[in-house]
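# Structural overview for review
The chain contents come next:
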Amino acid sequence: MTSVALAFSGGLDTTVCVPLLKEEYGYDEVIGVNVDVGQPTEEFDEAEETAEALGLDIHVVDAKDEFADLCFDAVKANADYQGYPLGTALARPVIAEAILGVAEEQGCDAIAHGCTGKGNDQLRFEAVWRGSDLEVIAPVRELGLTREWEIDYAAEKDLPVEAGDGGVWSIDENIWSRAVEGGKLENPDYEPPADIYEWTAEPEGETTIEIAFEEGVPVAVDGEEMDPVPLIQHLNEYAGGYGVGRTDVMEDRMLGLKVRENYEHPAATVLLTAHQALEDLVLTKNERSFKKGIEQEWSEKAYEGLVFAPVVDALDAFVDETQDVVTGTATVKVSGGDCRVVARDSEYAVYSEEMASFNTEDVAGIAQSDATGVAKYHGLQERLANDVKASVSKPELATDGSGETAETDADHE
């Protein structure tokens, strides 16, 4: 008997995949897999109800801890994509690994997803799965299915779905971020209504939040130590109450499509802001400058779902080396939807108040007058280059558009 493991959410796409995998691909058994990375409880309840109505065996894997660890790797790398904290992109490899684990445990012959051929998730899932010996199947993409066709097919087969997701917006949620797209939001000129937001209140009021880090990893909020998952959940609720963590962005997908996305990410905003501030205090100028390029590459690979790539291991090695000194606290003020740093402290600070003060004459035994020689040389090459350019006369070009040098009376003397 042949079997296939299906990434199953209970939505329209994955629900229609269940009979299609039997009818069109000839599999005898379909095993559903749902992975918990912090989605709302009702999503799992709905998925289980749908699976029961389909007669589908469903496995639920709790991967919140693994996902939170990856989110904190992203904090150490100050990761964002086109101005917003990565969320969905970080979750997909974790979900894919969990589904693959169930597929191999159950002795499946194949593994399948319900992604279309237009989005990023098909690539993120398959980047993980194609490293196995299992056949990879994508019914929606391979059969060229449209949403309208799926709705008609579901009605014909009396499948337990309600016109897709039963809502106006397409929403993807995990403990790190909440993404909202679709409907009228596909028009970049459409102002989103307030009700698309659930994690963030309308910006008002203010408070301060102190984040403690140990080697770049958040460990406490306002002096209270917490494990990664509850720490993230606490900050989502706390900072979200002040309207922090909203992004409305035109996002460039991997396949070249530009889409409009709305995100909520209160905890991510606070932690990334605080972490960057602490790094600014403890890292040298060269470390900070070089790490920017590392962060950009890490973010790009994470967006592509390639956090397992060898190059990311190398990037992580550099990031981890810099994090040895990122221990201390950073305090942010959240106010009116804004999050800004107001204080930072670390025993590893590359800073001396005495040296920086205008009230001290010398710097570690170096007299202020010693800077005179440096000042004379600073910008010397640039001044020389400007003088040379000013001293060289350029030939006058003809005004007829030919590009040739214009002749003067002197040329004929």
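Residues numbered from 1 in each chain as written. Predicted model: local features only at pLDDT ≥ 70, side-chain atom pairs only at ≥ 80, totals over all residues. Heavy atoms only, no water.

Our working definition: UniProt positions are given in the numbering used here, feature names are shortened, and annotations may be inferred rather than shown by experiment.
By the naming in an unreviewed UniProt entry, the protein goes by Argininosuccinate synthase and is assigned to Halorubrum distributum JCM 9100. UniProt lists a comment for the protein under the heading Subunit (unreviewed entry), and it reads "Homotetramer." Looking at the protein in UniProt, the text filed under Sequence similarities (unreviewed entry) is "Belongs to the argininosuccinate synthase family. Type 1 subfamily."

## Concerning the UniProt feature "binding site: ATP" (unreviewed entry) in the protein
The condition that has to hold: Working definition: helices are DSSP H or I runs of at least four residues, strands are E runs of at least two. Numbering for both runs from the N terminus. The rule is simple: take the accessible area with a 1.4 Å probe, protein chains only, and divide by the maximum for that residue type; under 20% is buried, over 50% is exposed, in between is partly exposed.
Feature annotation in UniProt assigns "binding site: ATP" (unreviewed entry) to the following positions: Ala7, Phe8, Ser9, Gly10, Gly11, Leu12, Asp13, Thr14, Thr15 and Gly114. Across 108 residues of sequence, these annotated residues stay compact in space, with a maximum C-alpha separation of 12.5 Å. Examined against the element boundaries, Gly11 turns out to sit in the loop between β1 (3-7) and α1 (12-23). Looking at where Asp13 falls in the secondary structure, it is placed in helix α1. Look at Asp13 and you get buried, because its relative accessible area is 18%.

## A word on the state of the cysteines
Throughout this description, disulfide means a covalent bond between two cysteine sulfur atoms. Here is the rule we go by: A pair of sulfur atoms, both from cysteines and within 2.5 Å, is called a disulfide here.
Scanning the model with the defined rule gives zero disulfides in all. Cysteine Cys108 remains unbridged, with the sulfur of Cys17 as its closest cysteine sulfur at 15 Å. Judged by relative accessible area, which is 7%, Cys108 ranks as buried.

## Considering the pattern of salt bridges
Note that side chains of opposite charge can pair when their charged atoms are close. Threshold: Here, a salt bridge means any Lys or Arg side-chain nitrogen found within 4 Å of an Asp or Glu carboxyl oxygen.
Here the structure, examined in full by the defined rule, presents 26 salt bridges. As a salt-bridge pair, Asp172 and Arg92 come within 2.9 Å of each other at their nearest N and O atoms. Of this pair, Asp172 sits in strand β6 (residues 170-173) while Arg92 sits in helix α4 (residues 88-105); the two residues are 80 residues apart in sequence, bridging distant segments of the chain. We note a salt bridge from Arg253 to Glu181, for which the minimum N-O separation is 3.2 Å. Taken together, the positions of Arg253 in the loop between β11 (246-252) and β12 (258-264) and Glu181 in strand β7 (residues 178-181) put the pair 72 residues apart, joining distant regions of the chain. Look at Arg253 and you get buried, because its relative accessible area is 18%. With relative accessibility at 22%, the residue Glu181 sits in the partly exposed group. What you see here is one network of salt bridges that share partners, running through Arg92, Asp121, Arg124 and Asp172.

## Side note on the packing of aromatic side chains
In plain terms, the rule: By convention, a stacked pair of Phe, Tyr or Trp rings (six-membered ring in the case of Trp) has centres within 6.5 Å and planes under 30 degrees apart, an edge-to-face pair has planes over 60 apart, and any other such pair is tilted.
One pass over the full model with this rule turns up seven aromatic pairs. Note on Tyr84 and Tyr263: the rings are 4.2 Å apart at their centroids and 15° apart in plane angle, and the pair reads as stacked. Separated by 179 residues along the polypeptide, Tyr84 in the loop between α3 (64-76) and α4 and Tyr263 in strand β12 bring together distant segments of the chain. The pair Tyr84 / Tyr263 is uniform in exposure class, with both members buried.

## Structural notes on the domain arrangement of the protein
Here is the rule we go by: The domain boundaries here were taken from an automatic or database domain assignment. Between two residues, a contact is recorded if the distance between any of their heavy atoms is within 4.5 Å. Note: buried area is the sum, over both parts, of the accessible area (probe 1.4 Å) each one loses when the two are combined. Basically, the charged four are Asp, Glu, Lys and Arg, the nonpolar ten are Ala, Val, Leu, Ile, Met, Phe, Trp, Tyr, Cys and Pro, and anything else, Gly included, counts as polar.
With domains assigned, the protein is organised as domain 1 (1-168), domain 2 (193-351) and domain 3 (354-381). The straight-line distance from the C-alpha centre of domain 1 to that of domain 2 is 28 Å. Tallying the contact residues gives 31 residues for domain 1 and 41 residues for domain 2. The contact between domain 1 and domain 2 buries some 3,100 Å² in all, and 69% of this surface belongs to carbon and sulfur atoms. Between the two partners, domain 1 and domain 2, sit one salt bridge. For the salt bridge of Asp320 with Lys76, the shortest nitrogen-to-oxygen distance reads 3.0 Å. For the side of domain 1 that touches domain 2, the secondary-structure elements that each account for two or more residues are α3, α4 and α5 (121-129). In terms of residue count, α3 provides more of the side of domain 1 that touches domain 2 than any other element does, ten residues in total. Looking at the side of domain 1 that touches domain 2, its residues break down into 17 nonpolar, six polar and eight charged.

## Regarding the sheet that holds β11
The condition that has to hold: A pair of strands is considered paired only if DSSP assigns at least 2 bridges between the two. Only the contacting stretch of a helix is used when fitting its axis, a line to C-alpha atoms as for every element, and angles between N-to-C directions run 0 to 180 degrees.
With respect to topology, four strands assemble into an open sheet ordered β6-β7-β12-β11, the strand pairing being antiparallel. In the strand order of this sheet, the two ends are held by β6 and β11, each with one partner. Direction aside, the axes of adjacent strands within the sheet are offset by 25° on average. By the bridge criterion, seven bridges tie β11 to β12 in an arrangement that is antiparallel. Bridge pairing in β12 links Asp252 to Lys258.

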